[in-house]
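Residue-level structure breakdown
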Amino acid sequence: MDIDADGNIDLVVSYFEEDKIVWYQNLGGGVFSSQQLIASGLNNARGVTGADLDGDGDMNLVLGVTNGSGLYWVENLDGQGNFGSLTNIAPGLSSARRQRLGDMDGDGDIDVVSNGTNPWLLWFENVDGEGDFSMQHTIEAQGLYENAFDIEDLDGDGDLDIVSGKK
């Protein structure tokens with residue numbers, strides 16, 4: 001994803017064992033900067049993805065914690081890759097390994113779909129278009145852990161559908 005809005009695709013990496021998220025700026029010509037810390041002290045962060053969650057035109061990030069609890073978003077404060085602190089979307093969500101972003105309710109802003117352990121698959125509504133994820137919706141409360149899922153308009157009706165594979 002383009003973190004600094006310069007037209008080059010940058011690299012965001014979750015260092016699972018080191019409990020941190022970093023990004024590398026694409027300087028062009030196949031050259032990348034040294035790592036720039038986004039967040040640390042996470043308990044096995046995983047599933048980092050990005051979109052404009054707060055409507056200000058820059059790339060924010062969403063990530064989950066695998067060996068513990070928490071689903072977070074991080075604001076890109078200036079559109080240049082200077083990130084704020086972690087904002088916890090779901091403090092009690094355990095094993096959020098995969099996140100997908102899209103407008104699940106058709107209101108024009110980006111919502112978050114994630115997995116976890118009980119509930120197994122859920123989405124969080126961006127209620128104000130500015131990154132306030134105060135509404136949780138359970139998609140699947142029973143069954144097996146949803147390790148692989150994606151969102152896409154599969155039937156061409158203009159809304160997002162969910163396809164999943166069970167672990």
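Bear in mind that the values here come from a model prediction, so they are computed numbers and not experimental data.

Cut-off values and rules
Throughout this document, residue positions are counted from 1 along each chain, in the order its sequence is written. Local features in this predicted model are restricted to residues whose pLDDT is 70 or higher, and side-chain atom pairs enter the listing and the counts only when it is 80 or higher, whereas totals over whole chains, interfaces and linings include all residues. As a rule here, side-chain values come from all non-hydrogen atoms in the structure, and water together with hydrogens is ignored. Between 30 and 60 degrees the pair is tilted, below 30 it is stacked and above 60 it is edge-to-face, where a pair is any two Phe, Tyr or Trp rings, Trp via its six-membered ring, whose centres lie within 6.5 Å. Geometrically, a charge over a ring is one whose NZ (Lys) or CZ (Arg) sits within 6 Å of the ring centre while staying within 35 degrees of the ring normal. One bridge is not enough; two strands pair if DSSP finds at least two bridges between them. The secondary structure listing takes helices from DSSP runs of H or I that are at least 4 residues long and strands from runs of E that are at least 2 residues long, numbered from the N terminus. Angular values range over 0 to 180 degrees, each being the angle between N-to-C directions of two axes fitted as lines to C-alpha atoms, with helices fitted over their stretch in contact. Within this document, salt bridges are pairs made up of a side-chain nitrogen of Lys or Arg and a carboxyl oxygen of Asp or Glu, the two lying within 4 Å of each other. Think of it in three bands: with a 1.4 Å probe and only protein chains considered, a residue is buried below 20% of the maximum accessible area for its type, exposed above 50%, and partly exposed in between. Positive charges are assigned to Lys and Arg, negative charges to Asp and Glu, while His and the chain termini are left out of the count. In protein, a polar contact means a hydrogen-donor-capable atom and an acceptor-capable atom, both N or O and within 3.5 Å, with residues adjacent in sequence counting only if both atoms are side-chain atoms; elsewhere, any N or O pair within 3.5 Å suffices. Whether two residues touch is decided by their heavy atoms; if any such pair falls within 4.5 Å, the residues are in contact.

So, on to the packing of aromatic side chains. A full pass over the atoms with the stated rule returns 0 aromatic pairs. Between Lys20 and the ring centre of Tyr15, over which it is positioned, the NZ or CZ distance is 5.5 Å. Positioned above the aromatic ring of Phe149 is the side chain of Arg98, whose terminal nitrogen or guanidinium carbon lies 5.9 Å from the ring centre.

In this section: the sheet that holds strand β10 (residues 99-102). Strand order in the open sheet formed by 4 strands is β10-β11-β12-β13, with antiparallel pairing between adjacent strands. Every other strand in the sheet has two partners, leaving β10 and β13 (135-140) as the edge strands with one partner each. Each strand axis lies, on average, 25° off the axis of its neighbour in the sheet, ignoring direction. Pairing of strand β11 (residues 111-115) with strand β12 (residues 121-125), which is carried by 4 bridges, proceeds in the antiparallel orientation. Residue pairing in the sheet places Val112 in a bridge with Phe124 of β12.

Glancing now at the pattern of salt bridges. Scanning the model with the defined rule gives 3 salt bridges in all. Note that Glu18 and Lys20 form a salt bridge whose closest N and O atoms lie 3.2 Å from each other. The salt bridge involving Arg98 is made with Asp150; its shortest N-O contact spans 4.0 Å. Within this pair, whereas Arg98 is found in the loop between β9 (83-88) and β10, its partner Asp150 is found in strand β14 (residues 148-152), the two being separated by 52 residues in sequence. A network of salt bridges, in which partner residues are shared, links Arg98, Arg100 and Asp150.

Inspection of the secondary structure puts Asp109 in the loop between β10 and β11. One buried charged side chain, Asp109, makes no salt bridge at all; its nearest oppositely charged neighbour is Arg100, positioned 17 Å away. Looking at Asp109, its side chain comes within polar contact range of the main-chain nitrogen of Gly129, at 3.3 Å.

For Asn126, the position within the fold is in the loop between β12 and β13. Of note is the side chain of Asn126, whose polar atom sits 3.0 Å from the backbone oxygen of Ile110. At a separation of 3.1 Å, a polar atom in the side chain of Asn126 contacts the main-chain amide nitrogen of Gly131.

Attention now goes to the environment of Leu93. Of note, Leu93 is situated in the loop between β9 and β10. Along the primary structure Leu93 and Asn115 are separated by 22 residues, whereas in three dimensions their C-alpha atoms are 8.5 Å apart. Apart from residues lying up to four places away in sequence, Leu93 is in contact with Gly68, Ser69, Gly70, Leu71, Ser114, Asn115, Gly116, Leu122 and Phe124.

What follows covers unusual backbone geometry. One non-glycine residue, Asp19, lies in the positive phi region at around 55°. Position of Asp19 among the secondary structure elements: in the loop between β1 (11-15) and β2 (20-24). The phi torsion at Ser95 lies on the positive side, around 60°, for a residue other than glycine. Its location among the elements puts Ser95 in the loop between β9 and β10. Exposure remark for Ser95: the relative accessible area of 13% places this residue in the buried category.

With that settled, the discussion passes to the environment of Thr49. Structurally, Thr49 is set in strand β6 (residues 45-51). Separated by 103 residues in the primary sequence, Thr49 and Glu152 have C-alpha atoms spaced 16 Å apart. Not counting residues within four places of it along the chain, the set of residues in contact with Thr49 comprises Met1, Asn60, Leu61, Val62, Gln99 and Leu101.

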